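Coordinate analysis (summary)
Listed below are the residues making up each chain.
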There are 2 protein chains.
Amino acid sequence: MRRIYKAHILYTKEKDRFVVLENGYVAVDADGRVTEVAADLESLGADASKRRNTKTDASQLGADASQLGADASKRRNTKTDASQLGADASKRRNTKTDASELGADASKRRNKPEYDDTEIIDFGDCLLIPAMNDLHVHAAQYRNQGIAMDLELLPWLHNYTFPEEMKYADTEYAKRMYRQFVRDLWRVGTMRTCTFASIHTESTRVLMRLFREAGMGALVGKVGMNRNCPEGLSESVEQMVQGYESLIAEFNEPDALVRPIITPRFIPSCTPEMLRTCGELAVKYHLHVQSHLSENKDEIALVQKLEPESTCYGDAYDRYGLFGQTPTVMAHCVFTENEEMALMKQRGVMVAHCPTSNLNVTTGIAPIRQFLDEGLRVGFGSDISGGHNLSIFQMMVYAIQMSKLHYQRNHARSFLTLSEAFWMATKCGGSFFGKVGSFEPGYEFDALVIDDRDLNHDNYSILERLERFIYLGDDRQIEKRFCRGREIVEPKIG
Amino acid sequence: MRRIYKAHILYTKEKDRFVVLENGYVAVDADGRVTEVAADLESLGADASKRRNTKTDASQLGADASQLGADASKRRNTKTDASQLGADASKRRNTKTDASELGADASKRRNKPEYDDTEIIDFGDCLLIPAMNDLHVHAAQYRNQGIAMDLELLPWLHNYTFPEEMKYADTEYAKRMYRQFVRDLWRVGTMRTCTFASIHTESTRVLMRLFREAGMGALVGKVGMNRNCPEGLSESVEQMVQGYESLIAEFNEPDALVRPIITPRFIPSCTPEMLRTCGELAVKYHLHVQSHLSENKDEIALVQKLEPESTCYGDAYDRYGLFGQTPTVMAHCVFTENEEMALMKQRGVMVAHCPTSNLNVTTGIAPIRQFLDEGLRVGFGSDISGGHNLSIFQMMVYAIQMSKLHYQRNHARSFLTLSEAFWMATKCGGSFFGKVGSFEPGYEFDALVIDDRDLNHDNYSILERLERFIYLGDDRQIEKRFCRGREIVEPKIG
């Protein structure tokens, strides 16, 4: 069964601008992949007469006609009055897809076969955007989200973070907290998550099963650590290997939505033997790798002391086969400079930018504009519980704001724009999970339906509506969520 | 009728620590002022047998027993397990009011008369905190909240801000937007607002009437501007005086919740004659004053050029009687330094710190720690639409984060703590409106009841619950709102 979704569609093919299709269509095949996106039904090989199959949004959205009441008439007029935008209107118009771009796509489809088995689903006046991707978050710190924010790094780690992670020796505790975590990721529209769990194999399995039951994509890391850490958070290299292999046995189908990811906590927490073994496991089982990089100057100095032959922190990972030998993401990179940056580019190592965490933990401002200029791939991490906010939409806002602070000090590099932040949150961040984060043909259909009527109290353009939702909105406006073509319902927490 | 409210009570008498009363009581007289706050009913002169008057929270909160279901049993156990907090527990215990402090208060009340006419209202497991105060926000930019954030100051002003403010020549448009604005302030728990309207007298009157109807406190500024501004946003000094006097005639009872405030936009927008007249009006009618100060280096240079005899930007206002001759608040003060700081202290001029605006408009980081160290009074402004977020809770979070960035660069001054930010949002910010922002005896009872059960998925301490609500919460957890002792219901927008 092919499905065609109609809505106001926004996504980013490139970082510099949005594709905006007012009342556009996206077609998704039975495997959950986008086949086409178009301004009209005809170019999708679905003639308009088939629209009798249309499910109207009113019943789907749980909003019966009486509820919409007087509002419904107002909402019909969604086009922005260009004169209202004044001189700027011409500039903003350029952010919409121009006809030639769609034309090129349309011509390719001219001789498409007719589809008999097509359902057309109309989301009315809602926005349809790619779902969010979170590239760095500590699931086993979820209880501590938003507390102890007045503490500095060391007392925070020793009094809050490590004691909390130790509790995950108890799989019942893990189940209770991880259910909240997965449900809340669902709430904020994050359909793919790359996360640290804890050292505990069975609790990690609990989390992976919860993601799988929910139908949400995840790379889940059993954490490797065996030095400079408290007694209860250390295990031997052999235990680590056994744990990973047991998870791999259950979860490592190549196309699975939920897979293990090799996760040395960071170099100071892992002996050379553990690091080497992590690198070997990644290659042997074709697993992704995640860790922390250059978050803090003291940390960098410590790594240099522990790995005196390394030329930079990134090089220390590289020597253990943990820096792009398989797809790799590194969180923070606040102090990543020339040589490390070049190595990341060469190896295709991604950056997980965690702006709220960098503020809360008094880290600093990562040079994101420079990373983008150098061609590095950058996505977002909520980094709970260093970060306090699980929403990747809020990471966009913070990233733009941090980048403006950079700009305020040095006008040589412009600040991040909304389309760049959106691209990082969707297409670029999603690339760590495969063809995820765009509505271009071939991409997995990970999507959010945004019903922003409560934010939309005047005639805003489609793009202004998206901007307002990103800056002001929250999970209340997320009406539906899709991952790999499937609608994802709210995961149960009880 | 005296009312006694029972809940977990948190407020700040001083900036350095919270007063926390687990299952405490606050008594409010018929005029809406706090008479006492205590750990037990007996010391309020209300003996426990009178608790049969208690309204239970279940019916009040609209949560019937069946809705609470399994959860209710869990919530009964609200005490934090000290062992969970580990080494830190002892430190955190100190944040609770120690018995001696309450003891001192209790002794004063020992010979209190019995009150016959007392109603006791039990908010169960909810938190009870002072309501929020917003010291700087542009009501007439409300439509533009969260759009055009990629623009720099000048195109933003000329293409979005000025055209929007011009629309307020139409009182019907004003009514539609201002209703949203007042309703949304209500939503986020802001019970006192010091706001810029526009130059338009009749639209300003509309806004003041909406605040009055809602029962919420406000200082509302008809904006004075007559140079360096577009045609439609300029009026003569005579028109300004007439407009102010017409508003004063309707609104200037000394004890009114809603009053006009003298509001020259800023020095570059006002001729010397307009500035002088503003100063005279403030003194003549005992009105507060608000404006902008030292937000931007170009602005400061322009003021120096326009007012060559002034020794600093603040001194320029001072020469026109607009710098503390009556209670004065100045927004931003990002580049306020030694001389200006000293003059502000001398004159008692308050700072409205607008952290999100300063980030969005690429302004910089205001030296808040230094202001506090110098003894200046500092509150928060959401500064819509330079700021994008109306919630003063979020201003606390941003202020702490910005202050951490400062700290990260210069460890000489510590970063703001949660209690300091809370004190700025409540007792210090509230001081611009009178005795507002605390639960100490004599203070007007402006309060929020926080039902945080959906954030509260483990055993957190009362203070951790407040911290989580501030960092993660939103209007959904604000169960009730009080202004000057009266419960404020949701203002109608239709």
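First, a word on what this report is: a plain description of the structure on this page. Please read all numbers here as calculations on a predicted model, not as lab measurements. (Residues numbered from 1 in each chain as written. Chains lettered and ligands numbered in written order. Predicted model: local features only at pLDDT ≥ 70, side-chain atom pairs only at ≥ 80, totals over all residues. Heavy atoms only, no water.)

The subject of this paragraph is the pairing of strand E16 (residues 478–483) of chain B. All names here are of chain B. Here E16 lies mainly inside the structure; five of its six residues are buried. Across four bridges, strand E15 (residues 447–450) lies against E16 in antiparallel orientation. Within E16, the position partnered with Ile450 by the bridge is Ile478. Of the strand pairs in this sheet, E16 and strand E17 (residues 486–487) are connected by two bridges, and their pairing is antiparallel. Counted as the bridge partner of Phe482 is Glu487 from E17. Connecting the antiparallel pair E16 and E17 is a turn made up of two residues, with Arg484 showing a positive phi of about 50°. (Buried < 20%, exposed > 50% of the residue type's maximum accessible area, 1.4 Å probe, protein only. Helix = DSSP H or I, 4+ residues; strand = E, 2+ residues; numbered from the N terminus. Pairing = 2+ DSSP bridges.)

This part takes up the relation of the copies chain B and chain A. Mapping one chain copy onto the other needs a rotation about an axis and a shift along that axis. In screw terms, the move from chain B to chain A is a rotation of 180° and a rise of 0.0 Å along the axis, fitting with an RMSD of 0.0 Å. In the structure described here, the two chain copies are related by an operation that fits a two-fold rotation axis. Residue by residue, 100% of the interface of chain B is reproduced at the interface of chain A, so both copies engage with the same surface. (Least-squares fit on C-alpha atoms with pLDDT ≥ 70 in both. Contact = heavy atoms within 4.5 Å.)

Here we come to the interface of chain B and chain A. Tallying the contact residues gives 56 residues for chain B and 56 residues for chain A. Interface of chain B and chain A: buried area, both sides summed, is about 5200 Å²; carbon and sulfur atoms make up 46% of it. Its largest share of buried area at the contact with chain A, chain B owes to Arg143, Asp150 and His457 of chain B, together 12% of the area lost on that side. For the pair chain B and chain A, the interface holds eight salt bridges. The residue Arg476 of chain B makes a salt bridge to Asp474 of chain A at a minimum N-O spacing of 3.8 Å. Summed over the shared surface of chain B and chain A, the result is 32 residue pairs in polar contact (both at pLDDT 80 or more). At the level of secondary structure, the elements contributing two or more residues to the side of chain B that touches chain A comprise helix H3 (82–85), helix H4 (89–93), helix H6 (153–166), helix H7 (171–187), helix H14 (355–360), helix H16 (392–409) and helix H18 (462–472) of chain B. Top contributing element to the side of chain B that touches chain A by residue count: H16 of chain B, with eight residues. Here the residues of the side of chain B that touches chain A are counted per class, giving 23 nonpolar, 16 polar and 17 charged. (Buried area = accessible area lost by both parts, 1.4 Å probe. Salt bridge = Lys/Arg side-chain N within 4 Å of Asp/Glu carboxyl O. Polar contact = N/O pair within 3.5 Å; in protein donor to acceptor, adjacent residues only side chain to side chain. Nonpolar A, V, L, I, M, F, W, Y, C, P; charged D, E, K, R; others polar.)

Residues and elements named next belong to chain A. One pass over the full model with this rule turns up 74 salt bridges over all chains. The partner of Asp125 in a salt bridge is Arg465, with the nearest N and O atoms 3.1 Å apart. Taken as a pair, Asp125 in strand E4 (residues 118–130) and Arg465 in helix H18 (residues 462–472) lie far apart in primary sequence, 340 residues in all. Here the two residues Asp125 and Arg465 agree in accessibility, since each one is buried. Arg183 is the salt-bridge partner of Glu490, the closest N and O atoms lying 3.8 Å from each other. Here Glu490 is found in the segment after strand E17 (486–487), whereas its partner Arg183 is found in helix H7 (residues 171–187), with 307 residues between them in sequence.

Below, the discussion takes up the packing of helix H16 (residues 392–409) of chain A against H18 of chain A. All names here are of chain A. Running from N to C, H16 and H18 cross one another at 90°; their axes reach a closest spacing of 7 Å. Here H18 runs roughly perpendicular to H16, going by the angle between their axes. For the pair H16 and H18, the contacting residues are Phe393, Gln394, Met396, Val397 and Ile400 in the first and Phe469, Ile470 and Tyr471 in the second. Residue composition of the contact of H16 with H18, by class: seven nonpolar, one polar and no charged. (Axes fitted to C-alpha atoms, helices over the stretch in contact; angles between N-to-C directions. Parallel < 35°, antiparallel > 145°, perpendicular 65-115°, else oblique.)

Residue and element names in this part refer to chain B. With respect to the helices, strands and loops of the structure, Glu420 is situated in helix H17 (residues 418–430). Residue classification places Glu420 among the buried residues on the basis of a relative accessible area of 4%. For Glu420, the side chain forms a polar contact with the side chain of Arg369, separated by 2.6 Å. Those residues in contact with Glu420, other than ones at most four positions away along the chain, are Lys15, Asp16, Arg369 and Phe415.

Sheet strands pair via backbone hydrogen bonds, and the direction of the pair is either parallel or antiparallel. Residue and element names in this part refer to chain A. Across the sheet, which stays open at both edges, the four strands sit in the order E11-E12-E13-E14 with parallel pairing between neighbours. Of all strands in the sheet, those with a lone pairing partner are strand E11 (289–293) and strand E14 (378–380), marking the two edges. With direction set aside, neighbouring strand axes in the sheet form an average angle of 30°. Bridge count between strand E13 (residues 350–353) and E14: three bridges; the pairing is parallel. Bridge assignment links Val351 to a residue of E14, and that residue is Val378.

Honestly, it's all geometry; don't read function into it.
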